[in-house]
Amino acid sequence: MAHVVAPLDQPSNYKDSQTRVDRQRQNDMLSKSTTLYIGNLSFYTTEEQIYELFTKCASPDDGGGIKRIIMGLDRNTRTPCGFCFVEYYTHAEALASMRYVSGTKLDERIIRCDLDLGYKEGRQFGRGKSGGQVRDEHRQDYDPGRGGWGAQAQRLEIERRREVEERYADAQDGPGAVAGGGGDWKEAESTGNESRLKRGRSPEDEGDNTRLQRSRAEEDVDAERM
Amino acid sequence: MSYDRPHRGGGNRRRHRDDYDDRRRDVYESPAEKLKAAIIKFGEVDVVEELPRLEKSIRESTPYAIPNLSEAFRIAVTEQPFKIPHYAALLRRLHDSTDEVPTAEDTSLGKQILEDFWKGFQAYLDKLAWRETRLCIHFFAHLTVAKLISADSMFGLLQSFTAVLEEFGVSHGRAKKAAVCAAEGLMIAGPILKASSAERVQEIISAIQAYNDTVTSPKWLIGPILKMYSDEGSSSSADELLDVVLQALKTLDESDFAETASSFSQPYASFPDPDLASFTPFNLPSVLVPPEVIELDGLATDSGEDAQVKKEEWPEYFLRLFDNDVTPDPKTPAGYAVHSGLIDLLDIFEVNRKECARLLLEFPKWTIPGTFKPKPGGTVVPEPVPGKDWQLESTVIENVLGAYFVLPESSHKSIYYIGLITELCKLSPSTVGPAVGKSIRKLYGTLGDGLDVEVARRFAEWFAVHMSNFGFQWVWKEWIPDLSLTVQHPRRAFMRRALEFEIRLSYHDRILKTLPEEMQAPENRTIGEQAPGPNFEYDDPAKPHHDAALAVLNLFRGRAKAEDVISHLDTLKATLETSDDGGVVNADGLIRSIAIQSLLHIGSRSFSHLLNAIERYLPLLRNIASAGASTVGGSGNAEAKVDILTASAAFWKYNRHMVAIVFDKLMQYQIVDPSDVVGWTFINRAEIRELSEATGPLSLSAFEWDLLKGALDKANGRVMIARRKVTALRKEEDDTRARVKASGEDGSAMDVDAEVKTDETPAVDSPALTTALKAFASLTREQKGALSRTLDGFVSCLAPGSTDLNPNPHSRVVISEVGWNERSGWEKDQWNAWETWGWYRQFCRSYAPYLRNYSTTLWTVSFAKFDGSTDPAADLLKKTWNVATGQE
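Residues numbered from 1 in each chain as written. Chains lettered and ligands numbered in written order. Predicted model: local features only at pLDDT ≥ 70, side-chain atom pairs only at ≥ 80, totals over all residues. Heavy atoms only, no water.

Help me out: how do you make sense of the overall build of chain B in this one?
On a plain count of helices and strands, chain B comes out with 39 helices and 2 strands. Here the contacts in chain B between residues at least 6 apart in sequence split such that 74% fall between residues at least 24 apart. For chain B, the computed accessible surface area is about 37,100 Å², with 53% contributed by carbon and sulfur atoms. (Helix = DSSP H or I, 4+ residues; strand = E, 2+ residues; numbered from the N terminus. Contact = heavy atoms within 4.5 Å. Areas by Shrake-Rupley, 256 points an atom, 1.4 Å probe, with all protein chains shown as cover.)

Shown next as structure tokens:
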């Protein structure tokens, strides 16, 4: 059905400046991607609200569902900074979100979805100078859902908010900081105690031995998405 | 979004120049592409004005690239069905010879295009692309009226489709689509066809009628308005697809298709008839509708049942909300044309809901003038056509909702229809908004008068998401009088559910503020008093075992190792069992409750925290689930798993959303199995009174249904994944073997003996395939178990034996006609029983594709005990089952 209108499930031409893959490879990855970047969230929106909306695009009877949600956090304050990643089990579910949810409201803000290459360690943090998303540093308007005025006033807002909101104060860095979300069904092991007690890491865990070299840490990619 | 932002342009940009360049290249359009685009865009401004111009540019595009032209027609016809009559007019003009370009008949441009178009039609038919096939038939039907296609060959085409209805064992999905193809073709081409042969018209109608007469039982199970005591499916406020097709067709036939001209646009009607001396109409070749492809992967369950899943086997009911003078009655020819035109738009433009909304609101442009009320403020106000003059927005919303409420499931995800209505409202708030409001009120009004429970659940879901997009502005106060209804009355259940769904998308305080005081009042039980937070039972120092629980919680907080927590719990258990006051009766249960609640406590901050907590302590969870017997593989200990589910539900008893999420993840991480969740939902759930509306006698509300659905979908989804894995591995191995064989042949092409030897080698499955097959066997077993426990649960809820605990005494009353007619006096238990019956129906019809595979075993397990029984509840249970599994 692509002749008469453009489908809404096409990825934007955003390119993660910190990824080392070329555009061809990136397009291949996006054509199988199960992960969405969600932007323009209110800083106050919770993962459960996100779960509720995005579950509506899930196909559990096809082996799908929401695998995990990774809340984007301010690097310094460890508070939500307006974006997240939603990872499904299937590509079709990510496409459904692009078609049906992107451009609708969550928590009274119009959110935007984009197909994403997949979560990599460290991407849960904002890449702006202040710790949040770069787009908030350039912002001139007053946005109560995003901590008031731009980056400067925002600091005060966040300070105030910290009193009540310490949900992610325990957010960790490094490998294994973010849950894998559970993999495919496996026949239960019938082995002894010892192997059962080993921490079962799903193969999808972002163990990430191939950490990407990060030379241009200040380059904000998430800002470009908007 | 733009990469041209002025403040950008550092070195980084340049490095990626190549990446961007390949996107920014200007698209060069060849003349052929331009012409194709022009054909597809035909009529965007003024279809009548454009016709001669487009004809001219096509004629001038010599030498003709016929495939390009016919492809443009094919795309136009199958993707813009509202313009089909105009494409028929265009083709007709291209067929005629003109003064400037006299064409001999064999070189007629129109004919060449039509011949090539036919190839495309044949390809759609071969793929059984039903919608495209049907829309091509529309095109042919218009061309028949435009005298370009012979009536005889058009009859032949339509009768190839009615032939499908007589196939032995034809599936309903296939028959339904074939019948609609034939019927719609006949509606449009009727004026010519009837004049040619009234007898053949009658044959087509009779064939559809005869088929439709055989599908009465499924209709009883699938109508959106429940009348459980009656055998009839029909209802005045819902129309079934084949029923309306037949009615519209018969109405047309009675007047010899005089109404076709006022139902379907015929822009070619004014063209002079072709000169029959020099013209032979095109004869459509004869076709055969190919049989459905059955994928034979030979995968059966370990007890030999077929494990294929086949959906779309049901009649389609569309709920009507408005009167016939507001929105068209699809049983009339003109009403059917509008209905099917709008439903086609919904399906075709599913990929872009914004464009779909725009096209829906522009729909009147393509209908016969006077079909819809003119837009206010228009310059020319046409005379209203009697019997038409419908309201566009109400019509659109009624059809979108009608498609959304199709049972057992809509063709697309709920959120598509919901998002589409949002876009419609955004495009024209002042006209669509009121239509949405009226629809909500109409639907609400049917609650309590038999609106199906699944439709009611979808209604609540739509309501909540819609309100979430429009500031949660609803005039709740108009429903205040209904607070006097009994607490489980469908209207009150709707209000509670809608508010619960709104809170999930927003937050408690925000939603509370949107309500009038009467609804906020806790005694009216419409919304919770407080935000739905966690409930750690051992939090209060005065509670028993507070200290023990705190110690466990602190271990988790301090990120103690799983094995250390396990040994701590072992010690704690020993202490509890030998304490001074004689020991705790169920120390195992208590330990599980403390451990699970403490773990959920550290995971209660967010969904991610929950996942982290579970992943960090998987060994502990497995240890608990297997009752400490960690060498036992697999299924764990049933009682321990019930305790885990009970502790989780108790922890989140004020937040049912979290109960569903936790259960889902416990299944995902294989701590519990789907059948454990099913069993728990029917039996143990009642222990936590705060959790459920359906306490007291065994019964199910929408919340329990959601838990069941979550478990069943998980079981079915796993089988689906396992099946795909086996198929992929088999294909891989077949390919490898073929390659080995081929290379062997290459090496010793002359060596006949060697080849024979290769063939004799028995195929040995790789370890990966063996594992995948084993997983498939385990998972189909689990699937069957989960389905069986669900059926059994419903049976004991709805036809309780005299010895069953806590039976609902009303389950037999609510299904009788007398009982139903006395519903104004029903209390909580009666409505609960009625709703449980509703969920049983939804279970049978929506899981029918899976249930069919196991129908013999499941029947024996759950229904054999009713042999010879005259219990009306047992009869209805069996009847519902038989209809769903296709045995009645």
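Can you walk me through empty space enclosed by the protein in this structure?
A probe matching the size of a water molecule, rolled over the atoms, marks out where space remains unfilled. All names here are of chain B. Here the structure, examined in full by the defined rule, presents 12 cavities of 30 Å³ or more. Considering only enclosed or pocket space, the largest cavity measures out at about 380 Å³ in volume. Residue lining of the largest cavity: 29 residues in total, with Ser-263, Phe-264, Ala-337, Gly-341 and Phe-363 positioned closest to the centre. Among the secondary structure elements, those contributing two or more residues to the lining of the largest cavity are α6 (84-95), α8 (130-145), α10 (172-196), α14 (260-263) and α15 (333-348). The leading source of residues in the lining of the largest cavity is α15, at 8 residues. Taken as a whole, the second largest cavity encloses approximately 130 Å³ of empty space. Lining the second largest cavity are 14 residues, with Val-453, Ala-456, Pro-490, Arg-497 and Trp-834 positioned closest to its centre. When residues of the lining of the second largest cavity are traced back to their parent elements, those giving at least two are α20 (453-469), α21 (490-505) and α36 (828-846). It is α21 that contributes the most residues to the lining of the second largest cavity, 4 residues altogether. The residue inventory of the lining of the second largest cavity, partitioned by class, reads 9 nonpolar, 2 polar and 3 charged. (1 Å grid on protein atoms, 1.4 Å probe; cavity = no way out; pocket = protein on both sides within 12 Å on 5 of 7 lines; lining within 4 Å. Points joined across faces, edges and corners; volume = space filled by probe spheres on them. Nonpolar A, V, L, I, M, F, W, Y, C, P; charged D, E, K, R; others polar.)

I keep staring at the sheet that holds strand β1 (residues 35-39) of chain A and nothing clicks. Help me out?
Residues and elements named next belong to chain A. Read from one edge to the other, the open sheet built from 4 strands follows the order β2-β3-β1-β6, with strand pairing classed as antiparallel. Every interior strand has two partners, whereas the edge strands, β2 (66-73) and β6 (112-116), have only one. The mean inter-strand angle of the sheet, taken between neighbouring strand axes irrespective of direction, is 25 degrees. Relative to strand β3 (residues 80-88), β1 is paired through 4 bridges, and the arrangement is antiparallel. (Pairing = 2+ DSSP bridges. Axes fitted to C-alpha atoms, helices over the stretch in contact; angles between N-to-C directions.)

In this structure, what is going on with the pattern of salt bridges? I would like to understand it.
Where charged atoms of side chains with opposite charge meet at close range, the side chains can pair. Residues and elements named next belong to chain B. As enumerated under the stated definition, the model contains 60 salt bridges over all chains in all. Note that Glu-500 is salt-bridged to Arg-656, the shortest N-O span being 2.6 Å. One end of the pair, Glu-500, is in helix α21; the other, Arg-656, is in helix α30 (residues 656-668), with 156 residues separating them in the sequence. Summarising the burial analysis for this pair, Glu-500 and Arg-656 share the class buried. (Salt bridge = Lys/Arg side-chain N within 4 Å of Asp/Glu carboxyl O. Buried < 20%, exposed > 50% of the residue type's maximum accessible area, 1.4 Å probe, protein only.)

I would appreciate a short explanation of the environment of Asp-62 of chain A in the present structure.
If you trace the backbone, Asp-62 of chain A turns up in the loop between α2 (47-54) and β2. Look at Asp-62 of chain A and you get partly exposed, because its relative accessible area is 26%. Residues contacting Asp-62 of chain A, with those up to four places away along its chain left out, are Thr-90 of chain A together with Gly-717, Met-720 and Arg-724 of chain B.

Even after reading the chapter, I still don't get the nonpolar core, so can you show me in this structure?
The tendency in soluble globular proteins is for nonpolar side chains to be buried as a group. Core analysis: the largest hydrophobic core is formed by 306 residues, its most contacted members being Phe-54 of chain A together with Phe-139, Phe-140, Met-154, Phe-161, Tyr-840 and Phe-843 of chain B. In terms of residue count, α10 of chain B provides more of this core than any other element does, 12 residues in total. (Core = buried A, V, L, I, M, F, W, Y, C linked by side-chain atoms within 4.5 Å.)

Whenever I open this one, the packing of helix α5 (residues 66-79) of chain B against helix α7 (residues 109-126) of chain B confuses me. Can you help?
For any two helices packed against each other, the geometry comes down to the angle between their axes and how far apart the axes lie. Residue and element names in this part refer to chain B. Running from amino to carboxyl end, α5 crosses α7 at an angle of 60 degrees, the nearest separation of the two axes being 8 Å. Between α5 and α7, the angle is such that the two are oblique. Here α5 runs over α7; the crossing is right-handed. Taking contact as the criterion, the partners of Ile-66, Pro-67, Leu-69, Ser-70, Phe-73, Arg-74, Val-77 and Thr-78 in α5 are, on α7, Leu-109, Gln-112, Ile-113, Asp-116, Phe-117, Gly-120, Phe-121 and Tyr-124. (Parallel < 35°, antiparallel > 145°, perpendicular 65-115°, else oblique. Left-handed = near helix turned anticlockwise from the far one by under 90°.)

In this structure, what is going on with the side chain of Lys-784 of chain B? I would like to understand it.
Residue and element names in this part refer to chain B. With respect to the helices and strands, the residue Lys-784 is situated in helix α34 (residues 767-798). Lys-784 sits in the buried class, given a relative accessible area of 17%. Contacts of Lys-784, omitting those with residues within four sequence positions, involve Ser-303, Glu-305, Tyr-854, Thr-857 and Leu-858.

So what exactly am I meant to see when it comes to the packing of aromatic side chains here?
A ring pair, where both rings are aromatic, is described by two values, the distance of the centres and the angle of the planes. Residues and elements named next belong to chain B. Enumeration according to the criterion identifies 53 aromatic pairs over all chains in this entry. Both rings, one in Phe-42 and one in Tyr-87, keep their centres 5.5 Å apart while their planes meet at 75 degrees; by these two values the pair is edge-to-face. Here Phe-42 is found in the loop between α3 (31-40) and α4 (47-59), whereas its partner Tyr-87 is found in helix α6, with 45 residues between them in sequence. For the pair shown, Phe-42 and Tyr-87 are each scored as buried. With a centroid separation of 5.2 Å and an interplanar angle of 90 degrees, the aromatic rings of Phe-651 and Trp-652 are classed as edge-to-face. Grouping residues by exposure puts Phe-651 and Trp-652 together as buried. (Phe/Tyr/Trp six-rings, centres within 6.5 Å; stacked < 30°, edge-to-face > 60°.)

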